[in-house]
Structures are given as C-alpha cells and as structure tokens.
Amino acid sequence: MLDRDGFRPNVGIILLNQRNQVFWGKRIRTHSWQFPQGGIDRGESPEQAMFRELHEEVGLQPEHVRIVARTRDWLRYEVPDRFIRRDARGHYKGQKQIWYLLQLVGHDWDLNLRATDHPEFDAWRWHDYWVPLDVVVEFKRGVYEMALTELSRYLPRQDFRNRFLRSNVRARESDRPPATSGHESAYELPPGASFDPDPNSKIANDVPVACPPFPPPR
C-alpha cells in the first residue's frame, strides 16, 4: 500500500526499559542494528500496526508496554534503488513513519525474538537512548535522529533515589561469585532472546550478543 508519492505507511518503535535505555536489535544474519519497525496494513491504524509489529518482532503484548508518546507527523526516508526490487522501481520511493515511544512495564524475559516463523532480529541489547547512528543503515539515519530528538522530551523521569538504592544492592551482589563465565548472561531469557545487561561495557561495544542458531526452515 503506497501513497500517491510512492511512500509506504510504516511504524517505528522506540522501546524503553526502566533506565530509559532503548531496545536495540540486530537484523538477522547482518551486522546492522536498528529499532523495530514494520508496514501498516490496509485497514489498520498506526497504533494497531505498532502493537502487531511489537509482537511479531520482539514478542511483546500490549499489556507489557505503556505508550509514552508518538511523533506528531509522518517522518519520511527514501530507499536507494539498489535496495528496491527491480519491478517496484519507479513506483516505490521509501517509507513514511509514525514513531512510538513505549516503556516496558513487563520483564526482560517477556521479550522473544522467535514469536513468529519469520524473525527480524537474531540478537538484542539495551542501549543508551542516543544510540550510535553510524551502525544504522545510512538512508535511515536522518529519520532515526528526528524521531529520537522529537520524542526525547517525553522521556519518563527517573527515580534517582531508587536507582541509588538499587546500585547499592548491585554493589553488594557483585561480591558474590558470578553465575556464569565468559560472555554468558546471568539472566535466564526465553529462546531467541539475548542481551548485554551493561550497554557501556566492552562486550556491548565490541562483541555482538548472538542468539542460538535458528532452526532450518521447513
């Protein structure tokens, strides 16, 4: 479904955790990281499409999130010809997107990259809100920057007192023997989910966190 200018309606999702870090997904079988996004089907509202894509791409249901804000207008990007099917060139120009800012009210283990038979991501992590745009495919960077900037004013206030108390708990727990070794996570997550609990660590910056291999297609 294209508009008269050749842009397909689409939704983008910026998912926050309680520390205002964002879900950052690695496109399956690539080195490209991005936010969840997907097309709006005929007859769907942007919000309906957002909840559908949220489940299809990261396995979350509406009760797992709270809508914080959305962009006021469509944000557009053009797709270079080399990424467009030959038979669609001349008609399809790119995407126009409504972006949603969501806060996770569920748990990390509610995320599941294999909620469908056609996964979009094979790894994920929490990252600081201002993600490194140089790892996003070039033609999407402008829209990412616009969406992050517009929605940043709605970031939830953080409870610094509780965060201080939690940091003391983490400090005490750090004296305990580690639950795992090497680059393994100490968190038990569902199949298809993986993440680095500290986005500023060397692991997060240098080593992509990989999921177990996907089963072969039937």
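A short tour of the structure in this document, coming up. Here the structure is a predicted model, which is why all the values come from computation and not from measurement.

Description of the overall build of the chain
Along the chain, the regular secondary structure elements total 4 helices and 8 strands. Mapped in sequence order, the helices and strands of the chain form the string β-β-β-β-α-β-β-β-β-α-α-α. For the chain, with 218 residues in total, the buried portion stands at 43%. Sequence-distant contacts in the chain: of pairs separated by 6 or more residues, those separated by 24 or more amount to 73%.

What about the nonpolar core?
In terms of nonpolar packing, the biggest core is built from 24 residues, with I14, F35, W99 and Y129 touching the most fellow members. The set of elements that each furnish at least two residues to this core consists of strand 1 (7–16), strand 2 (22–27), strand 6 (75–78), strand 7 (94–104) and helix 2 (141–152). It is helix 2 that contributes the most residues to this core, 5 residues altogether. With sequence-adjacent residues up to four places away left out, W99 is seen in contact with G12, I13, I14, F35, A69, R70, T71, L75, V143, Y144, A147 and L151.

Regarding the pairing of strand 6
Burial along strand 6 is one-sided: the face carrying L75 and Y77 is buried and the face carrying R76 and E78 is not. For strand 6 and strand 7, the ladder comprises 4 bridges, and the chain directions are antiparallel. When the sheet's bridge partners are listed, L75 is paired in strand 7 with Q97.

Structural notes on the packing of aromatic side chains
All told, the structure shown has 10 aromatic pairs when counted by the stated rule. When the centroid spacing of 5.1 Å and the interplanar angle of 15 degrees are considered together, the rings of F35 and Y144 count as stacked. With F35 in the loop between strand 3 (33–34) and strand 4 (37–39) and Y144 in helix 2, the pair connects residues that are 109 residues apart, well separated along the chain. In this structure, F35 and Y144 share a single accessibility class: buried. For the ring pair W99 and Y144, a centre distance of 5.4 Å and an interplane angle of 75 degrees mean the geometry is edge-to-face. Residue W99 is located in strand 7, and its partner Y144 is located in helix 2; the two are separated by 45 residues in the primary sequence. The same class applies to W99 as to Y144, namely buried. Ring pairs connect the aromatic residues F23, F121, W124 and W126, which therefore count as one cluster. The ring of W33 carries the charged tip of R125 above its face, separated from the ring centre by 4.2 Å.

So, the pairing of strand 1
Remember that side chains alternate between the two faces of the sheet whenever the strand is regular. For strand 1, the buried fraction is high: 9 of the 10 residues fall into the buried class. Pairing geometry for strand 1 and strand 7, over 10 bridges, is parallel. Paired with I13 across the bridge in strand 7 is Y100. Summarising the sheet, strand 1 and strand 4 pair through 3 bridges and their orientation is antiparallel. Note that in strand 4 the partner of N10 across the bridge is G39.

Reading the values: the criteria
- Residues numbered from 1 in each chain as written.
- Predicted model: local features only at pLDDT ≥ 70, side-chain atom pairs only at ≥ 80, totals over all residues.
- Heavy atoms only, no water.
- Helix = DSSP H or I, 4+ residues; strand = E, 2+ residues; numbered from the N terminus.
- Buried < 20%, exposed > 50% of the residue type's maximum accessible area, 1.4 Å probe, protein only.
- Contact = heavy atoms within 4.5 Å.
- Core = buried A, V, L, I, M, F, W, Y, C linked by side-chain atoms within 4.5 Å.
- Pairing = 2+ DSSP bridges.
- Phe/Tyr/Trp six-rings, centres within 6.5 Å; stacked < 30°, edge-to-face > 60°.
- Lys NZ or Arg CZ within 6 Å of the ring centre and 35° of its normal.

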